Amino acid sequence: MASDILVTRSSMPSYEEYCEEIKDMWDTHWLTNMGPKHKKLQEELIEYLDVENIDLMTNGHMALELSLQALNLKGEVITTPFTFASTTHAIVRNGLEPVFCDIDPVDFTMDVTKLESLITDRTCAIMPVHVYGNVCNIEEIDRIAKKYGLKVIYDAAHTFGETYKGKGIGSYGDVSCFSFHATKVFNSIEGGAVCFGNELKDFGLDLYRLKNFGIRGTEVVDAVGANAKMNEFCAAMGICNLRHVDEEINKRRIVVERYRSHLDGVAGIQLSPIQKDVKPNYAYFPVVFDDKVFGATRNEVFDKLAEHGIGARKYFYPLTNSFDCFHGKYDLDQTPVARYISNRVLTLPLYADLALEDVDRICAIILNCNNFR
Ligand code: T4K
């Protein structure tokens, strides 16, 4: 019997390549606290991501959390609930109030037509999510943010290596935060980064201090920081994976094209759009099932795949505004489109080495779920 296929599988360099990269650490004994690997990865990523500044973090969540802290925000942050727990938690853990904007039914990012009506005199920022690698309506978010003097912090966890209109995706907004978690297109085992422009140099200094306990100098601690430093083993994994990331993205493209060849145009199945002006990274393959048309619910498809050892995932269900930890706090009727999509979406297995025969098999199982047959 074939082994289980999970929603993703970490990209890794060869064992030899990683060992070679970490070898000199047995000479230097330098393991963390912004060492040479950290510096090297940072420099390489500035170039690869086409951004002005980058600060590495221990994970994508701390990138979001410390960005909000370093911007010294107070009040309400407009965001979307169709995301991973991290986005909303970063806001709440900073003592800020999330205000949930609904999502666009086609690309699942913030519905900018609903954004302006949510702005109050307490709004300080917008935190949109380039969910699944789908790029938000950057121009409109930018226009509204400028009009009301709001900061824009993009959750860019899913958009490693993407460009929009020929520019690195991390160069949009005031700040963009990436995740380099093991499950991402590019990983440093655990890791993340904050990208920002040269006009935010002071923010950069604050951020750097906050990721190291708020230590300014050996005898001065003048902020309540955290520990979000990327260690040298993680940075070394990042350095190795970066050498192969273009090849990995290309392999993902082939897998995605195979999925599309089976599922595009099937009645009751909605796929993510191919976005204009975007160089995609093929991070996720979400499928929305309209059971009334398709003939089977998302949960039925999920169960059927599971019976065959295929671990699709319900990213992103439940919505963050309906998490148990927020019970009764938010009006869930404010985000009906997010609820609709969240109840119907399934992300299918996707990783560089996923065999095309497995994609064929997964699609055959899905298409056989159709109760109308
Ligand atoms: N913002 C957004 C929009 C995000 O999606 C995320 C993270 C963040 C912020 C925060 O970034 P980080 O702080 O995580 O850097 C996973 C990831 O842990 C998480 O990074 C990711 N989003 C989220 C969408 O997915 P889980 O709980 O679903 O992961 P898990 O352990 O079930 O793994 C999924 C599959 O990945 C496994 O079935 C197999 C494969 N896998 C997993 C691990 C841990 C591997 O192949 N190797 C591994 O080491 O959250």
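Residues numbered from 1 in each chain as written. Predicted model: local features only at pLDDT ≥ 70, side-chain atom pairs only at ≥ 80, totals over all residues. Heavy atoms only, no water.

**Considerations on the nonpolar core**
Ranked by size, the top nonpolar core spans 60 residues in total, and within it L41, L45, F82 and F180 carry the most contacts. Listed by contribution, the elements that provide at least two residues to this core are α3 (36–49), β2 (53–57), α6 (138–148), β6 (151–155), β10 (192–196), α8 (232–263) and α11 (336–342). For this core, the leading source of residues is α8, giving six residues. Apart from the residues within four sequence positions on either side, F82 is in contact with I103, F108, V131, Y132, Y315, F316, L319, A338, I341, S342 and V345. L271, F294, L305 and A312 belong to the second largest nonpolar core, which has 28 residues in total. (Core = buried A, V, L, I, M, F, W, Y, C linked by side-chain atoms within 4.5 Å. Buried < 20%, exposed > 50% of the residue type's maximum accessible area, 1.4 Å probe, protein only. Helix = DSSP H or I, 4+ residues; strand = E, 2+ residues; numbered from the N terminus. Contact = heavy atoms within 4.5 Å.)

**Considering the sheet that holds strand β13 (residues 269–271)**
Strand order in the open sheet formed by three strands is β13-β15-β17, and the pairing between neighbours is antiparallel. With one partner strand each, in any of the chains shown, β13 and β17 (345–348) form the two edges of the open sheet. Across the sheet, the axes of successive neighbouring strands diverge by a mean angle of 30°, strand direction being ignored. On top of the sheet, helix α10 (residues 298–307) reaches β15 (285–289) and β17; it is set at about 30° to β17, its chief contact. (Pairing = 2+ DSSP bridges. Axes fitted to C-alpha atoms, helices over the stretch in contact; angles between N-to-C directions.)

**Re unusual backbone geometry**
The amide bond that connects Y315 to the next residue, F316, takes the cis arrangement and shows omega of 10°. If you trace the backbone, F316 turns up in the loop between β16 (310–311) and α11. Residue P318 is bonded to the preceding Y317 through a cis peptide linkage, with omega at -5°. Of note, the phi angle at H29 is positive, near 60°, even though the residue is not glycine. Examined against the element boundaries, H29 turns out to sit in the loop between α2 (25–28) and α3. Assessed through its relative accessible area of 64%, H29 is described here as exposed. Although it is not a glycine, Y132 sits at a positive phi angle of roughly 60°. Y132 sits in the buried class, given a relative accessible area of 4%.

**Quick look at the site of the ligand**
Not every one of the 27 residues close to the ligand is listed here, only the nearest: D155, H158, S179, R313 and Y315. A distance of 3.3 Å separates an oxygen atom of the ligand from a polar atom in the side chain of H181. Contact with the protein chains removes 74% of the 920 Å² of surface that the ligand exposes when unbound. With respect to the pocket detection grid, the ligand is positioned in the largest pocket. At the level of secondary structure, the elements contributing two or more residues to the shell around the ligand comprise α4 (60–70) and α5 (85–92). (Near = heavy atom within 4 Å. Polar contact = N/O pair within 3.5 Å; in protein donor to acceptor, adjacent residues only side chain to side chain. Areas by Shrake-Rupley, 256 points an atom, 1.4 Å probe, with all protein chains shown as cover. 1 Å grid on protein atoms, 1.4 Å probe; cavity = no way out; pocket = protein on both sides within 12 Å on 5 of 7 lines; lining within 4 Å. Sits in = over half its atoms within 2 Å of the grid points.)

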